[in-house]
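# Commentary on secondary and tertiary structure
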Amino acid sequence: MKIFSIFLILFWVTIIVFPKFLAYLIGWFFIFLWISILTAWTVFSFAKKKSEDNYIKFGKYKIYR
């Protein structure tokens, strides 16, 4: 736990000394979030277009909409 607490102290000192670093962290977080949502939407929309019979296959069961 000492290493973790030292890391947190150094992180917050860095944030206080270089506030632009926090802006970059937040910006990269939102870019990563946007890419993740875009990827999930693409995968789910591709799976939805693929099934023409209007059902979802879950294991050996078919769930009709």
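Refer to the structure printed above.
The present account deals with the structure reproduced in this document. (Residues numbered from 1 in each chain as written. Predicted model: local features only at pLDDT ≥ 70, side-chain atom pairs only at ≥ 80, totals over all residues. Heavy atoms only, no water.)

## A look at the overall build of the protein
- When helices and strands are tallied, the protein shows two helices and two strands.
- In the protein, the succession of α and β elements from N to C terminus is α-α-β-β.
- In the protein, which comprises 65 residues, the proportion classed as buried is 3%.
- Carbon and sulfur atoms provide 78% of the accessible area of the protein, an area that totals close to 6700 Å². (Helix = DSSP H or I, 4+ residues; strand = E, 2+ residues; numbered from the N terminus. Buried < 20%, exposed > 50% of the residue type's maximum accessible area, 1.4 Å probe, protein only. Areas by Shrake-Rupley, 256 points an atom, 1.4 Å probe, with all protein chains shown as cover.)

## Looking at the packing of aromatic side chains
- For the coordinates displayed, the defined rule picks out four aromatic pairs.
- The interplanar angle of 70 degrees and the centroid separation of 6.4 Å between the aromatic rings of phenylalanine 11 and phenylalanine 21 together place this pair among those described as edge-to-face. On the criterion of sequence distance, the pair formed by phenylalanine 11 in helix α1 (residues 2-17) and phenylalanine 21 in helix α2 (residues 19-50) is long-range, its members being ten residues apart.
- For phenylalanine 11, a relative accessible area of 25% puts it in the partly exposed group. (Phe/Tyr/Trp six-rings, centres within 6.5 Å; stacked < 30°, edge-to-face > 60°.)

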